[in-house]
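Here is how the chains run, residue by residue.
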Amino acid sequence: MWNMKTLKDLVIIKEFVPEKIPDFVGTEPIFDFVRWNLYERIASGLKSFCLLCDNRRFYDAFLIAGNVLEVCAVLSYIKDKKTEKERLENLNKYLARSSAGQLLRTLSWADDLSKDIVWNAYESGLKLFAPVGEYIIKNLRNGKTDRENHRDILDKLKYRDGSNADKKLLINSNYVRPDPQGYVRAFSKTFDKLDNGKFEIMYDKYCDFKHVNIMSNGVAAETMNEDVIDWAIEIMAVLVLYLQRYGLEPMDD
């Protein structure tokens, strides 16, 4: 049975009314599209979290909560910098990391790009990665700019022939890999008064649950502990407070 504080936190989450999601037609700035897409994912996640809690599906609810925290941290990473230059740079870094991850997943589907379905997916991912990859390229110390080095590597990645293993090695060796924990650490640091040290701890627990089978020793028992979901409810209520104070301003239709 939940205590009064947990019940109050759950009411805060349930009563949250998100801003109206704009209808995008494809001509809007990418900055607006990405941040509203992330915002919509958070709003949908909070609804799912409440529904799962009401039905006592605590393990699933905790996984949803961890994902909501991660997406909220990404939203903050993109929009909460002080200058437009910093915000655009972080947006490009996020897009580069996401598209690099997509390329690596596609390359893992097969040993090469001989199948049309793999090649088409890879080619689409490369088009997303090409304009932004320079933002996450490692310092190669060869006298060239990040853009020049990125273009050199693209010249090696753009061909259909060759092994997928070699292409994956090129990406892993030359670009900074995605770091979801990094987004959460930055979010925790930016809003330390809201966080109170709990964001990173919860995110670590979420990663443990996500990557360890529920039937492993000790995991199933812990998911039945209502203290764990009480903790998640408290943090989701804090995220609602963040969205209410620092969320997105409504856009004109």
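Rules used throughout
Residues numbered from 1 in each chain as written. Predicted model: local features only at pLDDT ≥ 70, side-chain atom pairs only at ≥ 80, totals over all residues. Heavy atoms only, no water. Helix = DSSP H or I, 4+ residues; strand = E, 2+ residues; numbered from the N terminus. Buried < 20%, exposed > 50% of the residue type's maximum accessible area, 1.4 Å probe, protein only. Contact = heavy atoms within 4.5 Å. Areas by Shrake-Rupley, 256 points an atom, 1.4 Å probe, with all protein chains shown as cover. Lys, Arg positive; Asp, Glu negative; His and termini not counted. Charge placed at Lys NZ, Arg CZ, Asp CG, Glu CD. Axes fitted to C-alpha atoms, helices over the stretch in contact; angles between N-to-C directions. Parallel < 35°, antiparallel > 145°, perpendicular 65-115°, else oblique. Left-handed = near helix turned anticlockwise from the far one by under 90°. Nonpolar A, V, L, I, M, F, W, Y, C, P; charged D, E, K, R; others polar.

This part is about the overall build of the chain. Tallying secondary structure elements over the chain gives 12 helices and zero strands in all. In the chain, the order of α-helices and β-strands from amino to carboxyl end is α-α-α-α-α-α-α-α-α-α-α-α. Taking the principal axes of the C-alpha coordinates as reference, the chain spans close to 60 × 50 × 35 Å. Here the chain, with 253 residues, has 42% of them falling under the buried criterion. The long-range share in the chain, meaning contacts at least 24 apart out of those at least 6 apart in sequence, stands at 71%. Of the roughly 14400 Å² of accessible surface on the chain, a fraction of 51% belongs to carbon and sulfur atoms. Separation between the mean location of the 37 positive side-chain charges and that of the 39 negative ones in the chain comes to 3 Å.

Relative orientation of the contacting elements helix H3 (residues 58-79) and helix H12 (residues 226-246) amounts to 30°, with a least axis distance of 10 Å. Between H3 and H12, the angle falls in the class roughly parallel. For the pair H3 and H12, the crossing hand works out as left-handed. Of the residues in H12, those in contact with Phe 58, Ala 61, Phe 62, Ala 65, Val 68, Leu 69, Cys 72, Leu 75, Ser 76 and Lys 79 of H3 are Glu 226, Val 228, Ile 229, Ala 232, Met 236, Leu 239, Tyr 242, Leu 243 and Tyr 246. Class assignment of the residues belonging to the contact of H3 with H12 gives a composition of 16 nonpolar, one polar and two charged.

Assignment of secondary structure puts Asn 120 in helix H5 (residues 116-129). The exposure class of Asn 120 is partly exposed, given its relative accessible area of 44%. Once the C-alpha coordinates of Asn 120 and Thr 106 are considered, the two residues, 14 residues apart in sequence, prove to be 9.8 Å apart.

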